[in-house]
There are 2 protein chains.
Amino acid sequence: MKAPVWTIVLSVVTLALTMPATAQTKKAQPAGRPAKADAPLVLKKQGSFFVGGETKTIAATGPGTGGDVTVNQMYVQFQIPPRGDRYAPVVMVHGCCLSSKTWETTPDGRIGWSEYFVRKNRAVYLADQVSRARSGFDAAVFADVKAGRVPPAQLPNVINATHQVAWSVFRFGPTFGQPFPDEQFPVEALEEFNKQVIPDLNALLPNPNPTWTNMAALAVRLGGAVLMGHSESGFFPEQAALIDPSGIKGLISIEMPCPTLTPAQIATIAKIPTLVMFGDHLNDMPPGGVANWAASFDSCKAFVAEVNKSGGDAQMMHLPALGIRGNSHMLMQDRNSDQLADLVLAWLDKHVDAKKGTR
Amino acid sequence: MKAPVWTIVLSVVTLALTMPATAQTKKAQPAGRPAKADAPLVLKKQGSFFVGGETKTIAATGPGTGGDVTVNQMYVQFQIPPRGDRYAPVVMVHGCCLSSKTWETTPDGRIGWSEYFVRKNRAVYLADQVSRARSGFDAAVFADVKAGRVPPAQLPNVINATHQVAWSVFRFGPTFGQPFPDEQFPVEALEEFNKQVIPDLNALLPNPNPTWTNMAALAVRLGGAVLMGHSESGFFPEQAALIDPSGIKGLISIEMPCPTLTPAQIATIAKIPTLVMFGDHLNDMPPGGVANWAASFDSCKAFVAEVNKSGGDAQMMHLPALGIRGNSHMLMQDRNSDQLADLVLAWLDKHVDAKKGTR
């Protein structure tokens, strides 16, 4: 007896739900072997430099003080593999309360996306957001408040993400200290992860955020680059494209709310291949948390639809839809981070560097 | 007619003063060729991690706020060359108002000491000081002042080094914008250098400075390491040794004031090979500047003498005494930075890794 179509569909779905994640996504892996983390790493070049920045004159607070400082510069650290010139470089920008450490060694000691991408022939540029880490910040207001020139209320709201808030926002589990049963984040290394979480001074930034401008300028300087953002910076690639799309070859946005854009803005984005990624458990957090990832997901589904409606090439990569379960908001550090990197690399090969052939 | 001894001495001195710096110091170079910056860089391993850190509970400022944060952790980024296990690794710590960027690409685009050392078979660990850059800082007081819980006067004194102060303290020239005739700092890249200068929040730190404790702990974790500091952190290697010398194989201190130590403290330092470096023009800055490098030099000469009097192996490497002229306070970024790195590497070979033979 021939099985009706719906039972075949159901069987396939059931199979997908019960197969281990690695087996399920084999088809989605790009050609070529996974990067070997223990083989020597060969670099054509590495280094660091700054993008942007402007001179600001600060008031004297005593003899020998006052003068010019540089603000709004963005620190960038890069590594170029021997064959890196053949593919578009990738600029990675971290999220709230974090630094470029996000993309380096994972909390449990595996290689991060930055080295993984380099081992897969992609030049990688890690940018510390303006006002964070090695990019520095505009400190004038602190001196002004200390000296009584401006009231304390004008101090920026420094975001100091607690362990409790981070656990919830980064979706490590439904309640603090209790991971989801299929949690992919290496929660045994939580203490090391908490050390990555540093104060966020973005409230000091002017509008538009200089990080957006600097990301667009970096893409031009590199003669073309893919911009990647995460969480707080998730939509920064698009914001950079709305300032100057000329150097931007691709947009990769990981887990953030997507704003509603004007038709003209959508038309600009529609000229650039766009990938949006979301992990698992978007609906499984208790209500009232700092982040509402289900709402963010919905807003980004609408954004992707708008871009495609305007003739663009936008893709929503919702990992559970690929059968990949348990990913947190810090998916680049999750246990299956190599597998997820391979998905991004496959997307890059197909949507950004298709004309260059596969490696 | 045989020339009297004093005329020969005078001739040698005259010759030394008129020869170009590179020729003068050829003898001081270590065995082996200079590192080739354009050859591929091969790494056995690279990554980043944190040392130290403790949990602090912060007050709630509204619903969902308050909880635990991690403070006093130190971010460390490392690269290990293929033969790096054969020599003691070097931990480099930057100075005031700077980050680990200090040791990376120079402002004029050459490789910095970190990559140069790696290319010379030394594993290098770059640490961002606690309260700076990717190490983050304790932000509690900013929220407390903003909320009116503590007075503005309790805000830390954030050091915001102006371009004018930096020019003077880093000895780029006698007056702002005018370099010394033999200045080795690449002043044409001053704008790029100024972008490295970021606000210094060390006034937030407890005593003893957690960076000292973390540096000592890092040396233990690495199974032995050489600690290097510069300027604000110049004496940090010694401070770390006074906390726990057990992992410290060498101390390299670049341009800082040296405090007076007790005989017991000197005895601890005297067990560890120690190198102190100073550049040129220590007496050529106008009086009244933020830094008095001539006084710092004198204090460190006294320190070196005390260590040697106690049977230690301490060396004052005053570059002009080797015929090397024009070096600034940022000597690791000066035009002759490779040459200076080779001097340090030669010292390491001889004083720290002598038992392992030369490479």
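Per-chain numbering applies: the sequence of each chain, read as written, is numbered from 1 onward. Chains and ligands are labelled by the order in which they are written, letters from A for the one and numbers from 1 for the other. Only residues with pLDDT of at least 70 get local features here, since the model is predicted, and only at 80 or more are side-chain atom pairs given and counted; chain-wide, interface and lining totals rely on the full set of residues. Only hydrogens and water are removed before side-chain values are computed, so all heavy atoms of the structure are retained for them.

A. Quick peek at the interface of chain A and chain B. A contact between two residues is defined here by any heavy atoms of the two lying within 4.5 Å. Between chain A and chain B, the contact holds 59 residues from the first and 59 residues from the second. Together chain A and chain B conceal approximately 5,000 Å² of surface at their shared face, both sides included; 51% is due to carbon and sulfur atoms. Three residues stand out in chain A for area buried against chain B, namely Arg134(A), Lys146(A) and Lys195(A), and they jointly supply 15% of the buried area on that side. Any carboxyl oxygen of Asp or Glu within 4 Å of a side-chain nitrogen of Lys or Arg constitutes a salt bridge here. Our count for the contact surface shared by chain A and chain B stands at four salt bridges. Pairs of N or O atoms within 3.5 Å make up the polar contacts considered here, provided that, within protein, one atom can donate a hydrogen while the other can accept it, and that residues adjacent in sequence are counted only when both atoms are side-chain atoms. At the boundary of chain A with chain B, the tally comes to 39 residue pairs in polar contact (both at pLDDT 80 or more). When residues are sorted by character, Ala, Val, Leu, Ile, Met, Phe, Trp, Tyr, Cys and Pro go into the nonpolar class, Asp, Glu, Lys and Arg into the charged class, and all the rest, Gly among them, into the polar class. Considering only residue class, the side of chain A that touches chain B consists of 26 nonpolar, 24 polar and nine charged. Pairing between strands requires that DSSP locate at least two bridges from one strand to the other. To qualify as a helix, a DSSP run of H or I must reach at least 4 residues; to qualify as a strand, a run of E must reach at least 2; elements of each kind are numbered from the N terminus. Inspection of the sheet shows strand β1 (residues 41–43) of chain A paired to strand β1 (residues 41–43) of chain B by three bridges, in the antiparallel sense. Across the sheet, residue Leu41(A) finds its bridge partner in β1(B), namely Leu43(B). The term buried area refers to how much accessible surface (probe radius 1.4 Å) is lost by two components on association, counted for both of them together.

B. Layout of the state of the cysteines. Two cysteine sulfur atoms form a disulfide, by the criterion used here, when they sit within 2.5 Å. This structure, assessed with the given rule, holds four disulfides over all chains. Note that Cys258(A) is cross-linked by a disulfide to Cys300(A), the S-S spacing being 2.2 Å. Across the S-S bond linking Cys258(A) and Cys300(A), the dihedral sits near 95 degrees, which makes this disulfide right-handed. Remark: Cys300(A) occurs in helix α10 (residues 293–309) and Cys258(A) occurs in the loop between β7 (248–254) and α9 (263–269); sequence separation between them is 42 residues. The buried category is assigned to Cys258(A), whose relative accessible area is 8%. Throughout this description, buried means an accessible area under 20% of the type-specific maximum (1.4 Å probe, protein chains only), exposed means over 50%, and partly exposed covers the range between. The buried category is assigned to Cys300(A), whose relative accessible area is 0%. Covalently, Cys96(B) is tied to Cys97(B) through a disulfide, its sulfur atoms 2.2 Å apart. The cystine pairing of chain A, numbering bonded cysteines in sequence order, is 1-2, 3-4.

C. Examining the side chain of Asp138(B) more closely. Residue and element names in this part refer to chain B. Within the secondary structure, Asp138 sits in the loop between β5 (124–127) and α4 (140–146). Separated by 2.5 Å, the side chains of Asp138 and Lys56 make a polar contact. Of the polar contacts made by the side chain of Asp138, one reaches the backbone nitrogen of Ala140; its length is 3.1 Å. What Asp138 contacts, discounting residues up to four positions off in sequence, is Lys56, Val71 and Leu204.

D. Structural detail: helix α7 (residues 210–221) of chain A. Residue and element names in this part refer to chain A. Here a helix's expected span is defined as the number of its residues, less one, multiplied by 1.5 Å. With 12 residues, α7 extends 16 Å between its outermost C-alpha atoms, agreeing within 8% with the 16 Å of an ideal straight helix rising 1.5 Å per residue. Taken residue by residue, α7 has Pro210, Thr211, Trp212, Asn214, Met215, Ala216, Leu218 and Ala219 as its buried positions. Residues of α7 that are buried sit in contact with β2 (45–58), β3 (67–80), β4 (90–93), β6 (225–230), α8 (236–243) and β7. The residue sitting at the N-terminus of α7 and contributing the capping side-chain oxygen is Asn209; that oxygen lies 2.8 Å from the backbone nitrogen of Thr211. At the C-terminal side of α7, Gly223 shows a positive phi close to 70 degrees.

E. Seen up close, the sheet that holds strand β2 (residues 45–58) of chain B. All names here are of chain B. Spatial strand order, β2-β3-β5-β4-β6-β7-β8-β9: eight strands in an open sheet with mixed pairing. Both edges of this open sheet fall to β2 and β9 (314–318), since each of them pairs with a single strand only. Here the strands of the sheet are splayed against their neighbours by 20 degrees on average, with no regard to which way each runs. Relative to strand β8 (residues 274–278), strand β7 (residues 248–254) runs parallel, the two being bridged by four bridges. Within β8, the residue paired with Ile252 across the bridge is Leu275. Comment: axis = line fitted to C-alpha atoms, over the contacting stretch for helices; angle = value between 0 and 180 degrees taken between N-to-C directions. Sheet strands touched by helix α10 (residues 293–309): β8 and β9. Its angle to β9, the strand with the most contacts, is close to 155 degrees.

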